[in-house]
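So you can see what is in the structure, the chains are spelled out below.
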Amino acid sequence: MPAGGSSTLALTRPIGSISLLLTDKRYFWTLAALVLLGDAVLTQLVIRFVSYTEIDFTTYLYHIDVYLDGERDYSLITGPSGPLVYPAGHVLVHRFLHLVTQGGKRMALAQQIYGLLYVVSQLLAITLYSMAGDVPNYVLLVLPLSKRLHSIYVLRMFNDCWAIPMVMASIALFAKGRRTPASVLFSAALSVKMNILLYLPGLLVILVKSAGLLQTIYCLSLMAGFQLLVAVPFLQDGPHASAYASNAFELSRVFLYKWTVNWRFVPESIFLSRPFSTGLLVAHLAVLTAFGLIRWCQRDGGAFAVITKALRAPGKAAAAAPVSQSEVITVLLTSNLIGIIFARSLHYQFYSWYAQQLPLLAYRTRYPLVLKVLLLGVIEYSWNVFPSTSLSSGLLLFSNVAILLGIWFGYPLGTTVQDTKRTD
């Protein structure tokens, strides 16, 4: 509160009221409501005045046409821009969209659905910021500013737009200790897009620390059960089950070099080579291991102390102290960032995987405000260069790594201590 000023909002004190909105935690959700309202209006303006560009949405619905005709062999479900390569949750989502848009004839309605989905995703991101507990109110002003994110949702309508809100809702529930619904939502997100696996290493650490080995196994079993449930139509016989597993969860898929946003500065021959792919995988695992051994368990006497406690008392939490909401959110978002850095190919829609998380992650560093803003601006710039260049790709990698290093030397477990409110 400014010296000598009022601690309440008032139209007669616009400057003081704006200062309170931007800095006083009591008005976090007041500012959040204004940001969401403004972003909803901006999204409608984008839909109204910027042309829709068809990339994959028609193919998604064409796949559903094939599915509705009775085809259950994933290897035979294909469309104008390629085969069906997403898990069964994707099929359920687009079967719903196929129904309400009359097979894609009502595209204006589809854009409105994605516009609503975008606003919901922003609400969920803001919820995570609120639960993190120490992110300044004014950071919310950054969230509506991404040109690329608006495009991904309402001008391209990629399936990533369904997975990300679900996983953010799941993270919020894990942070509150609501592990059963959180596990179901996490698996639902995974059933739409496989990139959700990037959160899994961090989630395993959080589950073992906060709930113990038995509860971790329980949550993983729930996730596996949900995957089987949604995939039942494609698992009726051996050949169909094999086709589903190899197409929906194909880990060896190689994306086209011409569409990649990261690693563009690497020559195509190297980019597509197996040694480069293997090197990225090894680096990914090495960085995850370093965070797991050195950073994510540093308050608990180290990773080996956590593992030992988990094995000796599998029914009890393995952490030395309660795991805070801030820690859950920070570890999971960091796990995702690590995976993104070492992904061989990132297409433009993949920006949605972490765009709304970046400001929060920037506040897990000790960098000055100017540097935080600069890094966020460079990342947004890099994702808006089309086609990507060696320079934009290099800037993107540098900025992502800079934020990750900032987290390593900053606040890898968050900066507040909040007990989880409920366990189940």
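Conventions adopted
Residues numbered from 1 in each chain as written. Predicted model: local features only at pLDDT ≥ 70, side-chain atom pairs only at ≥ 80, totals over all residues. Heavy atoms only, no water. Helix = DSSP H or I, 4+ residues; strand = E, 2+ residues; numbered from the N terminus. Rg over C-alpha atoms; globule rule 2.2 N^0.38 Å. Buried < 20%, exposed > 50% of the residue type's maximum accessible area, 1.4 Å probe, protein only. Contact = heavy atoms within 4.5 Å. Core = buried A, V, L, I, M, F, W, Y, C linked by side-chain atoms within 4.5 Å. Salt bridge = Lys/Arg side-chain N within 4 Å of Asp/Glu carboxyl O. 1 Å grid on protein atoms, 1.4 Å probe; cavity = no way out; pocket = protein on both sides within 12 Å on 5 of 7 lines; lining within 4 Å. Points joined across faces, edges and corners; volume = space filled by probe spheres on them. Nonpolar A, V, L, I, M, F, W, Y, C, P; charged D, E, K, R; others polar.

Novice: Which residues make up the overall build of the protein, and what values go with them?
Specialist: Of the regular secondary structure elements, the protein holds 18 helices and two strands. Here the protein has a C-alpha radius of gyration of 22 Å; the compact-globule value for 424 residues is 22 Å, and the two agree. Referenced to the eigenvectors of the C-alpha coordinate spread, the extents of the protein come out at roughly 70 × 60 × 45 Å. Going through the 424 residues of the protein one by one, you find that 53% of them count as buried. Sequence separation of 24 or more characterises 76% of the internal contacts of the protein that already satisfy a separation of 6 or more.

Novice: Explain the nonpolar core to me, and be specific about the residues and the numbers.
Specialist: With 134 residues, the main nonpolar core has Tyr 74, Trp 162, Ile 196, Tyr 354 and Trp 383 as its most contacted residues. In this view, Ile 196 contacts Ala 163, Ile 164, Val 167, Phe 186, Ala 189 and Leu 190; residues no more than four positions away in its chain are not counted.

Novice: Before we move on, could you go through the side chain of Ser 17 and cite the residues and values that matter?
Specialist: Of note, Ser 17 is situated in helix H1 (residues 14-23). Each residue touching Ser 17, except ones within four places of it in the same chain, is listed here: Thr 8, Leu 9 and Ala 10.

Novice: Outline the pattern of salt bridges, supporting the account with residue identities and numerical values.
Specialist: Per the counting criterion, the structure on display carries six salt bridges. The salt bridge involving Asp 160 is made with Lys 193; its shortest N-O contact spans 2.8 Å. Linking Asp 160 in helix H7 (residues 160-175) with Lys 193 in the loop between helix H8 (179-190) and helix H9 (200-211), this pair joins segments that are 33 residues apart in sequence. Lys 193 matches Asp 160 in its accessibility class, with the two residues each being buried. In the salt-bridge network here, residues are joined through shared partners; they are Lys 209, Arg 299, Asp 300 and Glu 327.

Novice: So what's going on with empty space enclosed by the protein? Residues and values would help.
Specialist: Overall, the coordinates contain two cavities of 30 Å³ or more when judged by the stated rule. Estimates place the volume of the largest cavity at around 40 Å³. Lining the largest cavity are Tyr 60, His 63, Ile 64, Tyr 67, Ile 77, Leu 84, His 90, Val 91 and Phe 234. Elements that contribute at least two residues to the lining of the largest cavity include exactly helix H3 (57-68) and helix H4 (88-100). When grouped by side-chain class, the residues that make up the lining of the largest cavity number seven nonpolar, two polar and no charged. What lines the second largest cavity is simply Ala 125, Leu 128, Tyr 129, Met 168, Leu 333, Gln 356, Gln 357 and Leu 360. Among the elements that line the lining of the second largest cavity, the one with the most residues is helix H5 (residues 107-132), at three residues. Its residues placed into classes, the lining of the second largest cavity shows six nonpolar, two polar and no charged.

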